[in-house]
Amino acid sequence: MKRKKLSEDQIRTLASALVSRAKLASRLGIQFGGLRDIYKSFGYEKEIKYEDFLLKYARHDMAKAIIDRPVKATWQGPLDLMESGVAKDTEFERAWDELNTDIGLKSIFSRVDKLTGLGRYGILLLGLDDVKSRDGFAQPVKAGKRILKYLRPYGESTATIFKLDEEATSERYGKPLIYKLEVQDVKLKTSIPIAVHYTRVVHITDDLLESEVYGTPRLEAPFNRLIDLEKLVGGDAEMFWRGARPGYEAKISPDYQMTPQMREDLNEELDEYEADLRRFLVNEGVDIQALAQQIADPANHVDVQLTMISAVTGIPKRILSGSERGELSSAQDSTEWKEYVQARREEFAELNIIRPFVRRLIELQVLPKPQSTKYSVKWNDLYSLSEKARVEVGKSRANALREYTYSPMAQAIVPPNAFNEMFLGFSKDQITLINAMRDEVISEEELNAKVIKAIENEVNPPKPVMAPGAGTAKSKPKPKPVK
């Protein structure tokens, strides 16, 4: 791939941007007009590169938690697309399910989410059927119906922006035209650079400010706190290692005379004791006393750092430290975490990953157009109750209903529908369903009673009811008078 030479204007623009960035970074931590540089005193980096974020993610436990925990919570559960206002199981939905099963979209989305957070952007490379050689990636996608063979996520370090659109009249002005990807060559077993046209890429960013191309790395704001946390945790371990086993002070009695050989023997005995070769000391004329241990509890200092990291990332501290389950998690933390994940799904995952990806596949005819032109992303319900919680809620409602039923004046004061809504917490749709089911049960009971009564009448027909005076012996007719 031939490298295009930069023009003088491009060189000046690049140099100006680099100088401006360097000047801005140099002002970090400066106080009292330059007399104090707290960043230098604290050991903070003024310019942080992608490699710094990647190393922190690889070796710092809290950095990995900052990246992984929101991503894992965001993409948990099934990932379905549903057309709006159309019957279920449409052509669009079936095509998405098939593609999701064949390629494993959710796993790839999760990976590109992490890569995007580590740098300023991430990309999804569309492996389409019109590429016949390595050079074909640099060409725009051919028109017509395409087939997506594979999907690959890349981060900023392996997917650099090689060329931007410089035409001021273009709708993509200032956006990437060509990417340079470092891909693994199967034959050479090494990475090689290839040029990729933007039509084969879905560009993903997070936390944008002025730029439409470069976002903000998720570890940039808490980077200093991660350094402080590493000092505290590492220093605590070192302090315990050095201070848990106390030092010793040897005092020789004033009236004791020690020869050079005795001194040598004593030093050898102390070395063996320190190296765990012996567990007792036999001394003469020497008083050995243990020095006081100096071990401090870093818990409060570590908690301060976790509080600051939680504040800047939006992740509750209990979730961040891994104690989100059971009795350790408060209801407030659980609610805040669910709200955070739900907002992340709607404002980042859908808008920046799923919908741009689906839109691009529809343009390439990999996916059919939705019949209603609209679709929604169906996530798993974060607020659904666990089995144990449902049992507890059901038990509480049953107790409340029993008290309401047994109270003679309860229904006169609070109507049943009001009690269902305000005290039992049912929605209006649920109340309507309950009333309909109740009426249906009553109707069935009435029908069953009529059927049973009819059967009984057939087996034991009721005796006819006689009119008053009926059924008695007939009176003899009066004899006719004899003429």
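Report on the accompanying structure. Bear in mind the structure is a predicted one, so any value in this text is a computation, not a measurement.

1. What about the sheet that holds strand β7 (residues 176-185)?
For step 1, the next point in the chain: As summarised here, the arrangement of the 3 strands in space is β6-β7-β8, forming an open sheet in which the pairing is antiparallel. Here the strands that pair on one side only, and so sit at the sheet edges, are β6 (159-164) and β8 (190-197). Going across the sheet, the axis of each strand differs from the next one's by a mean of 30°, ignoring polarity.
For step 2, the next point in the chain: Looking at chain direction, β6 and β7 are connected through 5 bridges and run antiparallel. Across the sheet, alanine 159 pairs through a bridge with leucine 181, a residue of β7.

2. Observations regarding the sheet that holds strand β4 (residues 122-128)
For step 1, the next point in the chain: Sheet architecture is open: 3 strands sit in the order β5-β4-β9, paired in antiparallel fashion. The sheet is open, and its two borders are formed by β5 (148-155) and β9 (201-204), each paired with just one other strand. On average, each strand axis in the sheet is inclined to that of its neighbour by 15°, with strand direction left out of account.
For step 2, the next point in the chain: Where β4 lies against β9, 4 bridges are found, and the strand directions are antiparallel. The residue bridging leucine 125 from the neighbouring strand is valine 201, located in β9.
For step 3, the next point in the chain: Contacts from helix α6 (residues 105-118) reach β4, β5 and β9, with the element oriented near 20° to β5.

3. Thoughts on the pattern of salt bridges
For step 1, the next point in the chain: Under the criterion given, the structure shown has 16 salt bridges.
For step 2, the next point in the chain: Arginine 225 serves as the salt-bridge partner of aspartate 228, at 2.7 Å between the closest nitrogen and oxygen. One end of the pair is aspartate 228 and the other is arginine 225, both in helix α7 (residues 223-243) and 3 residues apart, which spans about a single turn.
For step 3, the next point in the chain: Accessibility expressed as a relative area gives 23% for arginine 225, which makes it partly exposed.
For step 4, the next point in the chain: Several salt bridges converge on common partners, so that one network encompasses Asp113, Asp206, Arg218 and Arg344.

4. Quick notes on a negative patch on the surface
For step 1, the next point in the chain: A contiguous patch of negative charge on the surface is contributed by Glu264, Asp265, Glu268 and Asp271.
For step 2, the next point in the chain: Inspection of the secondary structure assignment puts aspartate 271 in helix α8 (residues 260-274).
For step 3, the next point in the chain: According to the relative accessible area criterion, aspartate 271 is exposed, its value standing at 53%.

5. Description of the packing of helix α3 (residues 50-59) against helix α4 (residues 61-74)
For step 1, the next point in the chain: Two elements in contact, α3 and α4, have axes whose closest approach is 5 Å; the angle formed by their N-to-C orientations is 100°. Here α3 is positioned roughly perpendicular relative to α4, judged by the angle of their axes. Seen from α3, the contacting residues are Lys56, Tyr57 and Arg59; seen from α4, they are Asp61, Ala63, Lys64, Ile67 and Asp68.

6. Looking at the packing of aromatic side chains
For step 1, the next point in the chain: The full count for this structure, using the stated rule, is 9 aromatic pairs.
For step 2, the next point in the chain: When the centroid spacing of 5.6 Å and the interplanar angle of 45° are considered together, the rings of tryptophan 75 and phenylalanine 109 count as tilted. Highlighted residues: tryptophan 75 in the loop between α4 and β3 (80-83) and phenylalanine 109 in helix α6, separated in sequence by 34 residues. Phenylalanine 109 matches tryptophan 75 in its accessibility class, with the two residues each being buried.
For step 3, the next point in the chain: Linked through ring pairs, Trp75, Phe109, Phe357 and Trp379 together constitute an aromatic cluster.
For step 4, the next point in the chain: Sitting over the face of the ring of phenylalanine 348, arginine 218 holds its NZ or CZ atom 5.3 Å from the ring centroid.

7. Here's the deal with the environment of lysine 132
For step 1, the next point in the chain: Mapped onto the fold, lysine 132 is located in the loop between β4 and β5.
For step 2, the next point in the chain: Overall, the relative accessible area of 72% leaves lysine 132 in the exposed class.
For step 3, the next point in the chain: A distance of 3.1 Å separates a polar side-chain atom of lysine 132 from the backbone oxygen of aspartate 129.

Quick notes on the rules
- Residues numbered from 1 in each chain as written.
- Predicted model: local features only at pLDDT ≥ 70, side-chain atom pairs only at ≥ 80, totals over all residues.
- Heavy atoms only, no water.
- Pairing = 2+ DSSP bridges.
- Helix = DSSP H or I, 4+ residues; strand = E, 2+ residues; numbered from the N terminus.
- Axes fitted to C-alpha atoms, helices over the stretch in contact; angles between N-to-C directions.
- Contact = heavy atoms within 4.5 Å.
- Salt bridge = Lys/Arg side-chain N within 4 Å of Asp/Glu carboxyl O.
- Buried < 20%, exposed > 50% of the residue type's maximum accessible area, 1.4 Å probe, protein only.
- Patch = residues over 30% accessible without salt bridge, like charges linked within 9 Å, V, L, I, M, F, W, Y side chains within 5 Å.
- Areas by Shrake-Rupley, 256 points an atom, 1.4 Å probe, with all protein chains shown as cover.
- Lys, Arg positive; Asp, Glu negative; His and termini not counted.
- Charge placed at Lys NZ, Arg CZ, Asp CG, Glu CD.
- Parallel < 35°, antiparallel > 145°, perpendicular 65-115°, else oblique.
- Phe/Tyr/Trp six-rings, centres within 6.5 Å; stacked < 30°, edge-to-face > 60°.
- Lys NZ or Arg CZ within 6 Å of the ring centre and 35° of its normal.
- Polar contact = N/O pair within 3.5 Å; in protein donor to acceptor, adjacent residues only side chain to side chain.

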